[in-house]
Every structure is written in C-alpha cells, then in structure tokens.
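Coordinate analysis (summary)
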4 protein chains.
Amino acid sequence: MIVVMSPASTKQQLDHVVKMVEEMGLTTHLIYGTNRTVIAAVGDKRMVDKGAIENAPGVEKIVPILSPFKVASREVKQENTAIALQPGGASIGGKALGIVAGPCSVEDRDTLLEVADAVKAAGGVGLRGGAFKPRTSPYSFQGLAEKGLQYLAEARERTGLAVVTEVLSVTHVDLVARYADVLQVGARNMQNFMLLKAVGEQEKPVLLKRGMSATLEEFLLAAEYVINAGNPNVILCERGIRTFEEYCRNTLTLTIVPAIKRVSHLPVMVDPTHGTGHAYLVEPMCLAAVAAGADGLLIEVHPDPEHALTDAAQQIDIPQFQQVMKRLARIAEAVDRQL
Amino acid sequence: MIVVMSPASTKQQLDHVVKMVEEMGLTTHLIYGTNRTVIAAVGDKRMVDKGAIENAPGVEKIVPILSPFKVASREVKQENTAIALQPGGASIGGKALGIVAGPCSVEDRDTLLEVADAVKAAGGVGLRGGAFKPRTSPYSFQGLAEKGLQYLAEARERTGLAVVTEVLSVTHVDLVARYADVLQVGARNMQNFMLLKAVGEQEKPVLLKRGMSATLEEFLLAAEYVINAGNPNVILCERGIRTFEEYCRNTLTLTIVPAIKRVSHLPVMVDPTHGTGHAYLVEPMCLAAVAAGADGLLIEVHPDPEHALTDAAQQIDIPQFQQVMKRLARIAEAVDRQL
Amino acid sequence: MIVVMSPASTKQQLDHVVKMVEEMGLTTHLIYGTNRTVIAAVGDKRMVDKGAIENAPGVEKIVPILSPFKVASREVKQENTAIALQPGGASIGGKALGIVAGPCSVEDRDTLLEVADAVKAAGGVGLRGGAFKPRTSPYSFQGLAEKGLQYLAEARERTGLAVVTEVLSVTHVDLVARYADVLQVGARNMQNFMLLKAVGEQEKPVLLKRGMSATLEEFLLAAEYVINAGNPNVILCERGIRTFEEYCRNTLTLTIVPAIKRVSHLPVMVDPTHGTGHAYLVEPMCLAAVAAGADGLLIEVHPDPEHALTDAAQQIDIPQFQQVMKRLARIAEAVDRQL
Amino acid sequence: MIVVMSPASTKQQLDHVVKMVEEMGLTTHLIYGTNRTVIAAVGDKRMVDKGAIENAPGVEKIVPILSPFKVASREVKQENTAIALQPGGASIGGKALGIVAGPCSVEDRDTLLEVADAVKAAGGVGLRGGAFKPRTSPYSFQGLAEKGLQYLAEARERTGLAVVTEVLSVTHVDLVARYADVLQVGARNMQNFMLLKAVGEQEKPVLLKRGMSATLEEFLLAAEYVINAGNPNVILCERGIRTFEEYCRNTLTLTIVPAIKRVSHLPVMVDPTHGTGHAYLVEPMCLAAVAAGADGLLIEVHPDPEHALTDAAQQIDIPQFQQVMKRLARIAEAVDRQL
C-alpha cells in the first residue's frame, strides 16, 4: 500500500499516519518527492482498512499494491484449474470446450427432455434450466421449484449430461444440491455473501455469474468467498454488464476472459444469451467468446422460443443451436481447442 | 404494447403476430404507416411476455406502453405515502425530514451509545448501524450479529431513536425483525427476490436501497415485490450507481428523487455516505439531496472514523454531523420542509 | 509515479525498468516488499509516458502520484478564481451566483428579446442561445449562424446581459468572439483539442462543458489546454454524463461540484437542462446544484417550449423560470450565497 | 411515432396534441386503451421534433417508430457495401478481411518504413499512423504534422499499402486528403459535426470511429452526416466504450458488429488496441472480432513499443503482429473469410 500525503500536510500529520500504518503491522518506507511525500507500507496484510488511513488528516490518497484476492489468483496457483462437472465426467478448463445448454426455465418434462436430447446429440456436456427463477417482476412466472429439479435429474439419467441450475437462496442450497451437478449463482446474487458461503460449504461445483456492475476484482472476491468457505471448484461466467448501450440487453465484455486468465487460475465461461438479450446475436457472440479464449459457453435453447415462458426474445431454437455447434467446432479448431 | 413489424415482413407474419397477441387476451388495432405496419395491443395485462412476440418472425421491436409496476405507482395511489419508523413515532414522507444516522457497523456498546446520543441531540429520528455486514472481501470484518442488534435495541431504549439495520438473508429476517424498527435491504440485495418476499411477509417497515446498476423501473419493481407480499411500508433509498467516474465511490444521482416522486407515491431517502464514498463530499450532498426533494437522509457517523472497522473513508465525525444538521435546517426551511 | 513489478519478475527486468525511469530524468527508490518489488520514481515530470514502462517485461502496473493537470489545480493557485463575464460586469465564482439563461437556439429576434427581458428582470446575469447548433442528426435545424449572433448582440445592448454562445469549430472562433462575451465549448467538443487551443488563443472567457463520458481528470486537462494556450478564464460546467439510467437524458452528477472545488480553483456551473433532459426535472436540480456549491447555472428558457425548434422537451417557460429564480434566492441564502 | 397520453390527461389536451401532430404533416390514429389513450402518428418525417410534443400538457411519453438514420440503413440499401481503400486496391466489406496496422504516431521515417514493410509482408492492406495526434494532455507529444504525412506517403510508394490517418480539424482536411488514402475521424470527434461535413465534402473514404459514449443510433447518424454531405464511403470502426471496468482502458463491445450489420449496409472494423488499452489483450480480441463478423481490424504495431512516443502500453511489436496474423488466418478460414 502506498499512502500519498497532500502537499499541504504537516510533519505531525505524516508522523500520525506512519504510526497508524505501523499499528496495522506493516513496515513503512518514506519517500520525499518534489511535490509530495509518499509512505510505502510493506507487509502481507491484504485487507487492512485503507479507508481509515484515507480519512486521516493530511492524506491525499491511498494506492493499494496487492490485489485483494488471494486463493483465486495465479500467484497462489500458476497452472489452470479444470473442474469436472460430474465425478468422472467432462471438465471445464481443459483443452475441450464445455458447452452447457438448455431452456431458460424448466417448463415441463417433455420440452426439457427434447432439449436435453438435442444438446447431447450436438456435443454439449451440460444441461441448464431454471427451477427457481429470479424475476424482475413479482407478476412473472417464478419456476417449477422441486418438480423442475426432478425433471432435470431425469434428463441427466437419460442423457448423461451434467445438470447446471440456479440456487436463489440459502434455504434452497440443500435441495438444489440434492438434484444438481453444478450450482449456479446468478448475476443478481454475485454479492449475496450469505449464499456464497452456503454454496462454499457444500461439495458440488459452483458456476458463479458476474454481477451486472461487478468489477473484475469484485468478481474474483466473490469466487474467493466460495473457495474460502471450503469449495475450490468455482467456474466463473461472464454474462454482460450494464452500460448505456441500447441495442442489447447487456454489454458482453469478452475482454474479461483473457484479463481473468492473466490473474486467476479459474476456468471462465461466457453466456452469450443473457450477454446480448437477442437471439440473432447469440451465434456471433458464441464464436467470438471461444476465439477470445473462453473455456465454455452457457446457451439458452428452447424448441419453440416464441412460446417459452421466460426469456423468449433471446433463446435460440434447436436447429439454430445445431448450427452454432457446427460453427463452434471450426472456431475451436482454429484456436487449438476442441468441442 | 406496440408491436412494430419490419418493412420486409409478410402478411402471413403479421397475421401470426396478431394471433399471438390475441391469444394473450389483448385486443389488436392495426396501423398501416408509410414504412411500417404497427400493431397496437390494448388491455390491462402489464406483464405479458414481450419476448415471445419480439422473437416472432417479421417483428422489428416491441414498445411497452404501461409501466410494469402497479401498486407502487401514483396511478394506484395519488397522494404521498408517509411511513412511521416506529408505531406512533416520526415518519418519513411528510413535511418533516427524517434523518437517520449512525456508524457503518455496530462495533461496540459504548461507541454506539455515544453516537446515538449525538444523533438524538442533533435532531435525528433514527439510528443506523450494521450488525450483519455485506463485505466485498471474505477477509473483512463481518459484524457482531445478534450482539450488535442488542446494542441497537439498548440505544433505542435510551434515546427513543428508531433502529434501522440491514438484513442480509432470509434466514435472519425473524431475528432482525425482533430487534429493529426498520429492516434495511442493501443495494447488493435489491434483486434478491427471496429476501424481498421475506421482508414483505413481516410487519416492520422496509428501507430498500437501490442496486448499483438498477434502473428506476427495476427499483420500483423491487418495492413492488415487498408490497405484493403484504407489506406496504417501503421507503426507497438512492445510494449511488456505478459509472465510470473515478473521484467518487459511486455516482449519486439526485435526479431520481423528483423522477420517482412523479411516478410513485413512496417516500424517498438519500444516502450521501455510500453515494459518494468520501467524508468531504457528504455535507454538500446532504444539502443537495434535501434541495432536490428527498424525504430523509441516511448518514454514517462515527466518533472516530479513523479507527472505524468499516467504511472509515466515508464516515463523518460527530462535530461534522452537528454542522451538517445545522446547515440542513436552513436548506429545509428554504424548501418549506423542517428537520 | 510508482512502478509495481510482478512477483515473477527477474533482477534483470528490474534493472531495465530502473534504467528506463532514470533516462526519463526521474530518481528511483526501490522498496522490497513481501510479495512485490516497487520502484518509486521521484521528480516533477507529470507527463512522462507511463505506457512505455507499463509495457516493459516484468512490470505489473504503474500508479501515477501526481495529477496530470497543473495550472488548473489548487496546488498552483489556492484561492478561488472569479471570472467576469463582461469587462466590469458580473462574475462567476464569487459570492453571487451567476444565472445564465435563454433559449436553446436563437430562433428569431422577437422571441430572443422576450426571453432576454425576462432573464434580466428575474435577476439573471447572462443570456444563452445557440447560433451554431451541434445536432445529432444532419436533418435537424442547424441554427441561424451570424444572424443569430447579431440578435444576441442586440439583446445585450438592450439588457446588459452577457452573451454566452457556443462555438463549434476553429473556423468560427473569430466570428463568434466578435459578438459574444463568453465562448461556450460544448460537451461533444470537450476533447476537440484544436478548438480548445483556438479559444485559448483569444481573449474572451470560455465556458467549457464536461464531455458526456469525461472523467474529472480529463475535464480539468481540457481546461488546461485552454489556459495553456494563453486564456486563464475558464468556467467549468457539469451537464450530465452518459449512464444506463433511462428516465433522464443524462445523469447529472452534482458530486463533481465539491470534488472539482477540492482540486481546482476554477469556477463551476451546472446545466440542469441538458443534465436531465426533461422540463419537470429542471427546478429541483437547479436548487440541488446551488445547495451542492455550484457558482452558477445554465438554464434553457423559451416563451413557448412546445414550439421551440430544438430541445423542446427540456426547456422551461418564462413563468416557470421566474418561479425557479424565487426558489433559488431562498436556497442561495441558506448556503450564504446570493442571486 | 407513438404518443402516449397520461391517464389523467383531458380531452382538450388530447385534441391539442392531435393538432400539433397534424401540423407536422403527419396523420393521426387514436387508440383508446384500458389505462391510456395512445396517438399513432403516421408519415415519413423521421426527424420531427418529438420534444415539442413530449413537453405538451397531458403527454406521458413519446415512442419513435422509425430509426432516425436513413441512407446508412439496410432499408435503403440491402446488400453490404464494400469500400476500396485506394482506387483499384483492397476493399473493406467483402469476403477478404482488411487489416490496417502501424504505429500509433508517425515518429520518424525509419521506424515507419520498418513497420510498413512488416505490415505488408504479413498480409496487411493498410498502414495507419497519426501525424496529428489528439492528446488528453497539452503537455504530450502532438505529432509531426505534414512531415508525418510525407513519411506515410513515402511508405505507400514503397509498399503499396493504403494510408489511413486521422484528421483532427476542418482546417486540416485538405492537407490530410492530399497525402492520405483514407481519412480517419477519431472517437473524440465523432460528433464534431463540422468535421463530419468537411470529410463528407471531399472524395477519399472515411474511417469513422465510434465515440466513447455513442449509442449505435448516434454512430450511424454520424455516418449519415458524412454520406449526406456527398461521400458514401464510410467505414465504421468500434474502438471500445467508457464503462466502469477497471482492467481495460475501454470496454470493447463486439456485439455491435452483428448489431450494426443487421440495420446498416456499411462495413465495420474493430480496433482492439484502443478497445483494450493493453498489449496482452490485443491478440485475443483480434481473433474474437473476426469471429464476431468484423470486416477488418485496426492494430497498433511498433518495432519497439517501450520507446514509442505515444500509447506505449498498448502497441504490440512486430513478432507479436506476425503471430496475430497467423492466428487470424485460421479464424478467418473458420468463418469463411480470408486474410
């Protein structure tokens, strides 16, 4: 941590800040510049409260040097982490891309099985589908709950696909973990810290979606919550951020894929469905995500998007999905990956 | 709802969309323009799934006409709602401004009582303080939990101030409601729909903070979740949004105060502490918020911000708070309000 | 400047960076931390190219210590700068607030004179009005050009109000400076560096509007361009930034007023008309801006906004303006300012 | 255009708005809904001033139906436009990708020729390099001006590469057009309407970069300015927008590539250098841009980025560029394009 004193600060203020820093267990080095005095605070305490020092008289600003995340970082683990979606099953984070697809919501048994068969046949490794739905409006369809989980489990028995489904609340973690292979934490819950701890205390892998206004650092700190609670199997998933752009529901930021990979060993997926919000944008963004280095994709597929109960504008249908998979195979090869 | 067909759409596509709209229980009116055909869909169904139609062939875009929120809107209730923080106590939303202040976290009994006395003496009506803290990093101080709630209750006994404190999880609602007068739902939980329902099913008023990337519409829909679950007493609180601005922790958008008041009857508070992130910005933004029409303020005050366990950079100390209150009294009078 | 080396960097890389920094004329101090080695570079070169170092092998990041702006900063001039709009006339930046009002565009002589009379009578000090209009669409009204400037000058003769009008291009600077008292550089031109230099090379004061996506630092650097070219009379004007918010045309960030005043001596105005985009939001934001510490306001006023050729949605009419001025007088007094 | 009346509006207000709309030369259709009355205004006037109506009493909101841009739209021209960078030379917008590369600034003759040879050898079609530099700070290197243009022209003679260089001001258009093959309008000038007209009035193709906070609609309207002034040869270029993201200089939004292609016939390039701001992010974003459907790339290449006078952090060196080109060839093939 670097503490920059203001030009008008006094010797007494400087001494006071040095004392504060040393009380935190850090060593100080003073650098007297032309316009400013700077205190370099040395030591391994990542999370000392910078605010306390920032508010001290005479301080202009604080500059952190260490990233606040630790176990998610490449400093701690240099090689990439690959995470098996099911024991002995396909992994996310190795050479093979992991495509997880399925309807936005589980609506009924037949529709789900039809999609599951198509996902399996086209080369997917996981089946997604919401049983508990986070809806912006209280008047919208809220999901089938446990019945939905049962259908998902049945689809797994039939196809072998790993089941990835969202858990909305601490009170549902046990229930969802009983049926699912991977517990998804949605964008709106990325900083629901109680939920992060709860999924960290169970054993199934966690797919953590980036919050709509989360920085890279906050995203990795959310992963750190899960890992810190005991569960090292966190798959990150970019799904678009909120900006002023009006032609898409969210702004998908693929640059975060190589940016995360530089600082973290965790696998990174991309969700071009929520990341764009329009079916016609899904295919190009699937291709671009893989070209940018994504380890997998989360895609919403519905046999009849027009009649889907949720997210109808952004789901692609089965023939479109099959075409995406064919084109993905070519892109994967061009970047030395495989489907 | 208005459905705009693309110029290249066929008669058959138009007929198909008309049929879809009518199956939703809406009446259709066709308008043949110079470049486009437009379908006006008439009826009181606020939440039909526009996505389904948007994804139909030949459709260019959908334009909703009705706001998706209802019970929070002025259409349903024209006069302003004032909400008593305690039975028979001060209200937020009437002529008197409601100032709620206190430390970021409840740290210990003596500090809390010291602040409570100062808030009461300066004319505040509520005491804030976190017992359960949502922290970006798992390594940070997480709050005193029930012990913190007990200190808050003791401060209420002593001063008469209403206790406003955050509830982080469905599993804590009962516990927090036992001690607090007002349950706060934090910005990170504004779309934690399970929590919104849970606070809607108990009787204490709810202070709902705006999410960092929430639109006005999403903010009011979150309030609608609470009201819809049975609790009409929702106080809205602007606390800054995430933008590219670098000199502040969040961008405080005071314009939302009159914008909400135009479409909703609910009272609106402003939190200039989180809304700016720096102690030196708190006073001017308190004054500006009241000038803009806010019904109350949420202010972090600590006797010794430098040694605060959380948010040290943005808490003001007691003398600063006393000065803010004096200046606020003058602004309040200038806009025909009172402290 | 602080250079943070990555944990994996070598001694040779460190030596190389030290050499680069010293070649820039800076002195280096090495700090060996627990996880990182840090190079503190000391000297008064504000604008050495940090990028060069950032791209050197082994460097993790660069942290600037000095702000890049200089002549606009309080370090160079501690007392506030007040700028006379006309020789011997009213100033912006002193105790008195400066209200500059008028139509979006100069449309015709009579309308302009009617507004000018009303602005003068209500206590304004300047008359705004566009003769050259920056329009998003090439099909929109582009302004009356020199004829508009002549009407503005006539209104000045009649009322004594200072004329504030926008200059769109280097090629118009002479022409506009012949008629206007203050040259406005619009938000879309805040980084039109050729124009900044050109208005810096003439003598009339400059009203510089913040770009829609400008940081505080970029805003002050734009002012620095003007001052550096020879013209110290720069009035800054916040007018809203682009965010995801949907209920307003721009997000007005009043927090920048005290934030600028902390680091710069220049006066700061606020434009609540463009800053909100809707007439009903103008009054509350005028009051809030003054409460936040603004030195003046820029307000669009039109006798008949419905028939205005530009910005009809956001202009207030004359009776509304008169009411704003009355309410402003009360707020001004509450913050020890005067109209 | 759809005009939505508020529920509380009167018959008289409705009649007044109908009259306003009809005075604009549009036909009206009234739709009486359950909660609202809606006026559908039919006719081909794209740019009537919606604001006038929005400000009329009783109006809740206005919803435009037609896009404001016309000549840039696919409605007017359905097939893709390909634009030759030089008469008889390579085009942007056909099956072949157009790679334009070169240093950020033209610094000296030898460096430029070295890069030009490398760009040519690796398969590029254009040479970029700034002779006039838009710099955030007045203290930074501002470019070699005409001398730089002469070096660029010499490099074209030697290699055959088309010269793409930025024009900063109306006063430079003739000079730059004398040497360059393609005139670039930078992001900061995307709404410098005088400059847009000026480049529209000369004959060389224009490369128009998206402003940092421009919507898709504003971007196409800027193109429309150029086309409308007489020059149909506009190449669009995405270069990142300003958001809250902290790990990159801008947020590159590749989704805009297929979104533009849906509504416009103009070719679209991507600039991953400015779009990310860090050399290590350039390669993955080049690959992703082509996978997303971009027609070409603008890449900054410097033989010795560490010693570049501008943008040192984000330029790649020649071996890195050669590797990018090899990988691009594979991606191009995977999406049925070619280098």
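Residues numbered from 1 in each chain as written. Chains lettered and ligands numbered in written order. Predicted model: local features only at pLDDT ≥ 70, side-chain atom pairs only at ≥ 80, totals over all residues.

A word on the pairing of strand β14 (residues 296–300) of chain C
Regular strands place side chains that alternate from one sheet face to the opposite one. All names here are of chain C. The buried fraction of β14 amounts to five of the five residues, a majority that puts the element mostly inside the structure. Burial of β14 is two-sided: the residues G296, L298 and E300 facing one way and the residues L297 and I299 facing the other way are all buried. Relative to β14, strand β7 (residues 98–102) runs parallel, the two sharing five bridges. Residue pairing in the sheet places V100 in a bridge with L298 of β14. Sheet topology note: the strand β13 (residues 268–270)/β14 ladder contains two bridges and is parallel. Opposite V270, over in β14, you have L297 as the bridge partner. (Buried ≥ 20, exposed ≤ 12 C-beta atoms within 10 Å, placed from the backbone. Helix = DSSP H or I, 4+ residues; strand = E, 2+ residues; numbered from the N terminus. Pairing = 2+ DSSP bridges.)

Remarks on the relation of the copies chain A and chain C
Rotating chain A by 180 degrees about the axis while translating it 0.0 Å along that axis superimposes it on chain C, leaving an RMSD of 0.0 Å. The transformation relating the two chain copies, once decomposed into turn and shift, fits a two-fold axis. Among all residues of chain A, the one whose C-alpha sits closest to the rotation axis is F244 of chain A, at a distance of 2.1 Å. With an isologous cut-off of 70% or more, the 100% of interface residues of chain A that recur at the interface of chain C puts this contact in the isologous class. (Least-squares fit on C-alpha atoms with pLDDT ≥ 70 in both. Contact = placed C-beta atoms within 7 Å.)

Observations regarding the pairing of strand β9 (residues 162–166) of chain D
All names here are of chain D. In terms of burial, β9 is a largely internal element, five of the five residues being buried. Burial along β9 is two-sided: the residues A162, V164 and E166 and V163 and T165 are all buried. In this structure, strand β8 (residues 126–128) lies alongside β9, joined through three bridges in parallel fashion. For G126, the partnering residue across the bridge sits in β9 and is A162. Where the polypeptide runs from β8 across helix α4 (residues 146–159) and back to β9, its parallel neighbour, the crossover connection is right-handed. Across three bridges, the pairing between β9 and strand β10 (residues 182–185) is parallel. Bridged to E166 within β10 is Q184. The β-α-β motif built from β9, the intervening helix α5 (residues 173–179) and the parallel element β10 has right-handed crossover chirality. (Right-handed = clockwise from strand over helix to strand, strands pointing away.)

Describing the environment of G93 of chain A
Position of G93 of chain A among the secondary structure elements: in the loop between β6 (91–92) and β7 (98–102). For the pair G93 of chain A and G124 of chain A, spaced 31 residues apart in the sequence, the C-alpha separation amounts to 15 Å.

So, helix α3 (residues 109–122) of chain C
Residue and element names in this part refer to chain C. Given a rise of 1.5 Å per residue, 14 residues ought to cover 20 Å, and the 20 Å separating the end C-alpha atoms of α3 matches this to within 8%. For α3, the full list of buried residues reads T111, L112, V115, A116, A118, V119 and A122. The buried side chains of α3 occupy one side of the element, clustering within an arc of 165 degrees when seen end-on. α3 presents D110 and A121 as exposed residues on the side facing more than 90 degrees away from its buried surface. For α3, the elements touching its buried residues are β7, β8 (126–128), α4 (146–159) and α10 (318–334). A positive backbone phi angle near 105 degrees is found at G123, which sits one or two residues after α3. (Expected span 1.5 Å × (residues − 1). Arc of directions from axis to C-beta.)

Some remarks on the interface of chain A and chain B
Taken together, the contacts link 43 residues of chain A with 43 residues of chain B. In terms of residues, the side of chain A that touches chain B owes the most to one element, helix α7 (residues 216–228) of chain A, which gives five residues. Its residues assigned to classes, the side of chain A that touches chain B shows 19 nonpolar, 14 polar and ten charged. (Nonpolar A, V, L, I, M, F, W, Y, C, P; charged D, E, K, R; others polar.)

Observations regarding the sheet that holds strand β1 (residues 2–5) of chain B
Note on sheets: strands pair through backbone hydrogen bonds, and any given pair is parallel or antiparallel. Residue and element names in this part refer to chain B. Spatially, β2-β3-β1-β4 is the arrangement adopted by the four strands of the open sheet, whose pairing is antiparallel. Only two strands of the sheet have a single partner each, and these edge strands are β2 (27–32) and β4 (59–63). On average, each strand axis in the sheet is tilted by 20 degrees relative to the strand beside it, whichever way the strands run. For β1 and strand β3 (residues 37–42), the ladder comprises three bridges, and the chain directions are antiparallel. If you follow V3 over to β3, its bridge partner there is I39. (Axes fitted to C-alpha atoms, helices over the stretch in contact; angles between N-to-C directions.)

Focus: the relation of the copies chain A and chain B
Screw-axis analysis of chain A against chain B gives a translation of 0.0 Å along the axis, an RMSD of 0.0 Å, and a rotation angle of 180 degrees. Comparing interface residues between copies, 100% of those in chain A also lie at the interface in chain B; the contact surface is shared.

Some points on the interface of chain A and chain C
Taken together, the 21 residues of chain A in the interface contact 21 residues of chain C. Listed by contribution, the elements that provide at least two residues to the side of chain A that touches chain C are β1 (2–5), β2 (27–32) and β3 (37–42) of chain A. By residue number, the principal contributor to the side of chain A that touches chain C is β3 of chain A, which donates three residues. Class assignment for the residues of the side of chain A that touches chain C results in eleven nonpolar, six polar and four charged.

Side note on the packing of helix α10 (residues 318–334) of chain B against α10 of chain C
Close contact between α10 of chain B and α10 of chain C brings their axes to 9 Å; oriented N to C, the two are set at 170 degrees. Relative to α10 of chain C, α10 of chain B is oriented roughly antiparallel. Read as a crossing pair, α10 of chain B and α10 of chain C show a hand that is right-handed. Facing α10 of chain B, whose interface residues are R330, I331, E333 and A334 of chain B, α10 of chain C presents R330, I331, E333 and A334 of chain C. Per-class residue counts for the contact of α10 of chain B with α10 of chain C are four nonpolar, no polar and four charged. (Parallel < 35°, antiparallel > 145°, perpendicular 65-115°, else oblique. Left-handed = near helix turned anticlockwise from the far one by under 90°.)

Some words on the domain arrangement of chain A
Under the domain assignment used here, chain A contains domain 1 (2–63) and domain 2 (83–334). The C-alpha centroid of domain 2 of chain A is placed 44 Å from the C-alpha centroid of domain 1 of chain A. (Domains from an automatic or database assignment.)

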